[in-house]
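An overview of the molecular structure
Chain by chain, the residues:
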Amino acid sequence: MMYAKSLSMLQILLALSMMAIQITGQLQIPSLPSAIQPPGQVSAVAALRGKGTQNYGCSPQNTWTLSGPQALLYSLASGQLVGTHAGIQADRLGGTVEWVTYNTGNATTGNLTSYVQARAVSRVDQTPNGNVAWVLLLATANGVYGGPLFGVSHVVRYNTLGGLPPAGNCTAGDQFRSYYETDYYFFSPATAPSPCGGSSSVININFANILNGWTP
C-alpha cells in the first residue's frame, strides 16, 4: 500500500515536470527597461502570452477605474493554452492579480499545477502608444511545489497591445471590457525555495487537493 502511494506521488511530479517544459521551452527574454527589471539575482523560469480583456467600471466621479484583467495564458514557446489570468482584489493601487496553470490549460477540465499572485510595484507608461503600461509585479503568494510557477518572486508585463479604457468621462455604473494582449515573464531567485522551508510568502498546496480537482 505504501509503495502504491509513493508511486502515485512520483507520477504526479513527473506530470508537473512535463508541464513545466511545455510552458518554458527555450526562453528568450527581451532587454527590459530598468524600471521594470526584477531586482537581485533572478532567473527567468516561464514566458506566457496573455490574451483577454482589461475590465473597467465607471466610478461615481465619472472616471474609468480598473477592476482587473481576465485572460487566457498561452506558452510563448509552443502556443499551447496553459492557464488563466485574473484580478482577485481590486484597489486604487492596482490590486492583486493571479496567474494559474493547469495540466490541460483549462480550469474546468484540468487540475491545477501552479499559481502565483502579485502586486504592481513599478511601471512604464504606454498610454501615448494606445496600450496599457508595462509593469513589474512583486509576488505575494505562490504554490504547488514543483509546478512551473512555484517559487516565482517577480512577474513582468511587457510588449502590451491595447487594454486602455475609452477616453473622456463616463456614466457612473457603466462597465467596459478592453481587449488586450501582452507577454508575461516570470522570474525566480537564484536559490529556489524549499518544500520544507524558504520564503514565508510561498504557499505549498497539498497534492491530495490537486487530485480532487482543487482550484483557487
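Residues numbered from 1 in each chain as written. Predicted model: local features only at pLDDT ≥ 70, side-chain atom pairs only at ≥ 80, totals over all residues. Heavy atoms only, no water.

**What about the pairing of strand β4 (residues 96-102)?**
When you tally the buried positions in β4, you get seven out of seven residues, the bulk of the element. Burial of the side chains of β4 extends over both faces: Thr96, Glu98, Val100 and Tyr102 are buried on one face and Val97, Trp99 and Thr101 on the other. Relative to β4, strand β3 (residues 81-89) is paired through six bridges, and the arrangement is antiparallel. Within β4, the position partnered with histidine 85 by the bridge is tryptophan 99. (Buried < 20%, exposed > 50% of the residue type's maximum accessible area, 1.4 Å probe, protein only. Helix = DSSP H or I, 4+ residues; strand = E, 2+ residues; numbered from the N terminus. Pairing = 2+ DSSP bridges.)

**A closer look at the sheet that holds strand β6 (residues 134-143)**
The antiparallel closed barrel is built from eight strands, whose spatial order is β1-β2-β3-β4-β5-β6-β7-β8. Ignoring which end each strand starts from, the neighbouring axes of this sheet average 30 degrees apart. With 15 bridges joining them, strand β1 (residues 42-58) and strand β8 (residues 175-189) adopt antiparallel strand pairing. Opposite valine 42, over in β8, you have proline 189 as the bridge partner. (Axes fitted to C-alpha atoms, helices over the stretch in contact; angles between N-to-C directions.)

**Considering the packing of aromatic side chains**
Going through the model one piece at a time under the given rule, you end up with four aromatic pairs. Ring geometry for tryptophan 99 against phenylalanine 186: centres 5.7 Å apart, planes inclined by 90 degrees, an arrangement best described as edge-to-face. With tryptophan 99 in strand β4 and phenylalanine 186 in strand β8, this residue pair connects regions lying 87 residues apart in the sequence. Like phenylalanine 186, tryptophan 99 is buried. When the ring of tryptophan 134 is compared with that of tyrosine 158, the centres are 4.5 Å apart and the planes differ by 55 degrees; the resulting orientation is tilted. Here tryptophan 134 is found in strand β6, whereas its partner tyrosine 158 is found in strand β7 (residues 154-162), with 24 residues between them in sequence. Taken together, the ring pairs in this structure connect Trp99, Tyr184 and Phe186 into an aromatic cluster. (Phe/Tyr/Trp six-rings, centres within 6.5 Å; stacked < 30°, edge-to-face > 60°.)

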